[in-house]
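Analysis of the macromolecular model
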Amino acid sequence: MIDNARNLRLVPTSAPTNRAELRIAFDFALPLDTITQSVAIVAQRGSGKTYLAKKMLEEILRNRLPVVVIDLMGAFHGIRSSADGESAGYEIPIFGGRHSDLPLDASMGRALAAWVCAGEEQPRSAVLDISHLKKSEQQALIADFGEELYDRNERPLHVILDEADFFASQRFSQKGVEKRLFDVFDAIVRRGRIKGFGITMITQRPAVLHKDLLTQASALVMLRLASPQDQKAVKAWIERHDSHFEQDQVMGTLGSLPIGTAWVWSPGWLRKLRKIRVGKQVTWDSSSTPTIGEKMKVASTRAEVDVRAIKSEIEGCAPREIGKSQIGKSQKGKRPTRRGRERDE
């Protein structure tokens, strides 16, 4: 089993590291049961949503909990290096992208899901960087991966879904791979907790993310969001959950929040509404915007992972044939069992 925390030598400047919690700000932490909850992070481009998501990833790994990152933009590879790039970060394997440990192609989805679920003590953690693939390949890979993962997993596992609206759009096609993708994430968000799933959905366009997913979030984390259409989607979530007074308090500031400042709202689960300043990352900031005239910096040291062992483990996994998934096949009056089959209510 990979020791996710062994090589991290830095101490976060934002808070102590010895607490069993996900401390995303100096004065605010999420509980460990976030692992099996649904969270939505919404913000316009450049407001700090990916930085926040990576801070959550650091905290999940610090607590030695399992997490899978679906990385559409190639922004999470810095988790393997310290903030200054001179020492090791967390030992989480990266599949695909420019910083991969092992290559990733559209045919590997089911084998990877089987490997994740085959961890002895808990599911295995991984970053799936699909930024190098064509759109059709990204969709096919994640549809296969998600179906197999949902069918196999029965233990706590958190999924961080970057650019969630790409996978579950409000206007997805009702057939083919887009329908499969929607069914996967709809199942994880709405019915996945009984199978151990939690999810963090990240989007800069909450108006585009399918409302059936957004409205099911147990916590909404809002950074700067100026678009009227996107504010309307956030307002719809708020109206389902809380009072007009708090709605006015949040909506009145949403378009002018400083970078890295967020409202965290969870009326039912946490029963909290807090404005926070996201804590400083302790690993390499691989989602920062390049500056004109400045040479792109690269981390010089990364945590090592046993690539040979991981490759052998994946080759030893025998996923079921394509088409066996039970996702999206339940009928009225029936619900999936823990192994994905249906039974009468």
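Residues numbered from 1 in each chain as written. Predicted model: local features only at pLDDT ≥ 70, side-chain atom pairs only at ≥ 80, totals over all residues. Heavy atoms only, no water.

Below, the discussion takes up the sheet that holds strand β4 (residues 67–71). Strand order in the open sheet formed by nine strands is β5-β6-β4-β7-β8-β3-β9-β10-β11, and the pairing between neighbours is mixed. Edge positions in the sheet fall to β5 (94–95) and β11 (272–277), since each has one partner strand and no second. Across the sheet, helix α5 (residues 176–191) is in contact with β3 (38–42), β4, β7 (157–161) and β8 (197–203); its angle to β8 comes to roughly 120 degrees. (Pairing = 2+ DSSP bridges. Helix = DSSP H or I, 4+ residues; strand = E, 2+ residues; numbered from the N terminus. Contact = heavy atoms within 4.5 Å. Axes fitted to C-alpha atoms, helices over the stretch in contact; angles between N-to-C directions.)

Right, let's get into the side chain of Ser 286. Within the secondary structure layout, Ser 286 lies in the loop between β11 and α9 (307–316). The residues touching Ser 286, leaving out its near neighbours within four places in the chain, are Lys 54, Gly 74, Ala 75, Phe 76, His 77 and Gly 78.

The next thing to look at is the packing of helix α3 (residues 135–152) against α5. α5 packs onto α3 with a crossing angle of 35 degrees between their chain directions and a minimal axis gap of 9 Å. Both α3 and α5 take part in a crossing whose hand is left-handed. Contacts between α3 and α5 involve Gln 139, Ala 140, Ile 142, Ala 143, Asp 144, Gly 146, Glu 147 and Tyr 150 on the former and, on the latter, Val 177, Glu 178, Arg 180, Leu 181, Val 184, Phe 185, Ala 187, Ile 188 and Arg 191. (Left-handed = near helix turned anticlockwise from the far one by under 90°.)

Turning next to the pairing of β8. The buried fraction of β8 amounts to seven of the seven residues, a majority that puts the element mostly inside the structure. Because side chains alternate across β8, one face comprises the buried residues Phe 197, Ile 199, Met 201 and Thr 203, and the other comprises Gly 198, Thr 200 and Ile 202, equally buried. Strand direction decides the pairing type here: β3 and β8, joined by five bridges, are parallel. Among the inter-strand pairings, Ala 40 is bridged to a residue of β8, identified as Met 201. (Buried < 20%, exposed > 50% of the residue type's maximum accessible area, 1.4 Å probe, protein only.)

The next thing to look at is the pattern of salt bridges. In this structure the tally under the stated criterion is 16 salt bridges. Of the charged contacts, one joins Lys 55 and Glu 58 as a salt bridge, the two residues approaching to 3.5 Å between their closest N and O atoms. Of this pair, Lys 55 and Glu 58 both sit in helix α1 (residues 49–62), three residues apart, which is roughly one turn of the helix. What emerges from the salt-bridge pattern is a single network uniting Arg 110, Asp 144, Glu 147, Glu 148, Arg 152 and Arg 180. (Salt bridge = Lys/Arg side-chain N within 4 Å of Asp/Glu carboxyl O.)

Turning our eyes to something else, we now look at α5. The terminal C-alpha atoms of α5 lie 22 Å apart, and with 16 residues this matches the ideal 22 Å at 1.5 Å per residue to within 8%. Buried residues of α5: Leu 181, Phe 182, Asp 183, Val 184, Phe 185, Asp 186, Ala 187, Ile 188 and Val 189, and no others. (Expected span 1.5 Å × (residues − 1).)

The next thing to look at is the state of the cysteines. This model, assessed by the stated rule, comprises zero disulfides. In this model Cys 117 remains outside any disulfide bridge; the closest cysteine sulfur is found in Cys 317, 9.1 Å from its own. Overall, Cys 117 belongs to the buried group, its relative accessible area being 16%. On the basis of relative accessibility, which here comes to 17%, the residue Cys 317 falls in the buried class. (Disulfide = S-S within 2.5 Å.)

This paragraph deals with unusual backbone geometry. Phi angles above zero are rare outside glycine, and Glu 163 is one such case at about 50 degrees. By secondary structure assignment, the location of Glu 163 is in the loop between β7 and α4 (164–167). Given a relative accessible area of 12%, Glu 163 falls into the buried group. Not every positive phi belongs to a glycine, and Arg 271 is a case in point at roughly 55 degrees. Topologically, Arg 271 is positioned in the loop between β10 (261–266) and β11.

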